[in-house]
Amino acid sequence: MTRADGAQFFGPITGSQIAIGNREVVQNQYATTAAPDTAGQQLAATLTALLATVDVLRLSAAQATALRQDARAVLAEVASEEPDEGRLSRLVARVRNVLATVTAGAVTGAATGAGTGGAQWAQSLLDDLQRALP
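This section reports on the structure supplied with the text. The structure displayed is predicted, hence computed values, not measured ones. (Residues numbered from 1 in each chain as written. Predicted model: local features only at pLDDT ≥ 70, side-chain atom pairs only at ≥ 80, totals over all residues. Heavy atoms only, no water.)

Topic: the overall build of the chain
- Secondary structure summary: the chain contains four helices and zero strands in total.
- Helices and strands appear in the chain in the N-to-C order α-α-α-α.
- A buried classification covers 24% of the 134 residues belonging to the chain.
- Entry remark: accessible area of the chain is about 9,000 Å², with carbon and sulfur atoms responsible for 52%. (Helix = DSSP H or I, 4+ residues; strand = E, 2+ residues; numbered from the N terminus. Buried < 20%, exposed > 50% of the residue type's maximum accessible area, 1.4 Å probe, protein only. Areas by Shrake-Rupley, 256 points an atom, 1.4 Å probe, with all protein chains shown as cover.)

Considerations on the side chain of E77
- Within the secondary structure layout, E77 lies in helix α2 (residues 61-79).
- If sequence neighbours within four positions are ignored, E77 has contacts with E82, P83, D84, R87 and L88. (Contact = heavy atoms within 4.5 Å.)

Side note on the nonpolar core
- Counting 22 residues, the largest nonpolar core has L43, L47, L50, L57 and L99 as the members making the most contacts within it.
- Counting residues per element, the ones that place at least two in this core are α1 (36-52), α2, α3 (85-108) and α4 (115-132).
- Residue contributions to this core peak at six residues, all from α3.
- When residues no more than four places from it in sequence are discounted, the contact partners of L43 are V74, V78, L88, V92, L129, A132 and L133. (Core = buried A, V, L, I, M, F, W, Y, C linked by side-chain atoms within 4.5 Å.)

Quick notes on α2
- An ideal rise of 1.5 Å per residue puts 27 Å on 19 residues; α2 measures up with 27 Å between its terminal C-alpha atoms.
- All buried positions along α2 are accounted for by A64, L67, D70, A71, A73, V74 and E77. (Expected span 1.5 Å × (residues − 1).)

Considering the pattern of salt bridges
- Summed over the entire model, instances satisfying the criterion amount to four salt bridges.
- Linking R87 and E77 is a salt bridge whose minimum nitrogen-to-oxygen distance equals 2.8 Å. Taken as a pair, R87 in helix α3 and E77 in helix α2 lie far apart in primary sequence, ten residues in all.
- Its relative accessible area of 34% is what places R87 among the partly exposed residues.
- R131 is paired through a salt bridge with D128; the nearest N and O atoms lie 2.3 Å apart. In this pair, R131 and D128 are both assigned in helix α4, three residues apart and thus about one turn of the helix distant. (Salt bridge = Lys/Arg side-chain N within 4 Å of Asp/Glu carboxyl O.)

Thoughts on unusual backbone geometry
- In the Ramachandran plot, R58 falls in the positive-phi region, its phi being about 55° despite a non-glycine side chain.
- Of the residues examined, R58 reaches a relative accessible area of 55% and is grouped as exposed.

Let's talk about the environment of A71
- Summarising the element assignment, A71 is placed in helix α2.
- Through-space distance from the C-alpha of A71 to that of L51 is 7.1 Å; in sequence the pair is 20 residues apart.
- When residues no more than four places from it in sequence are discounted, the contact partners of A71 are L47, L50, L51 and V95.

Structure (structure tokens):
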């Protein structure tokens, strides 16, 4: 910024939270940095937990099968010598979309059948996935 009457920055501000011209500001930022191998291990642990409890989400048979296939493909990609970041990203996005649908369906009352427990589990898995991604 170069305005004389406002904030001035003289260096990089990437990853910062800045509020200008506000009286009351509450800001929270959750950021973690994990070593690449740790991120892969966290992702693998989250998807292993998902595979063990897919039935809690009460998905249709086709959705549950697709979710299991995607989760197994992510585990295989993470375990490979040189994971394909693009493929990994696409697979994780598909898993996240299913979990987000379960969570949103419980909030809006849509007939996903997951119920409150399944929706809470889906939200917990979503949070874990977010933390596991580099």
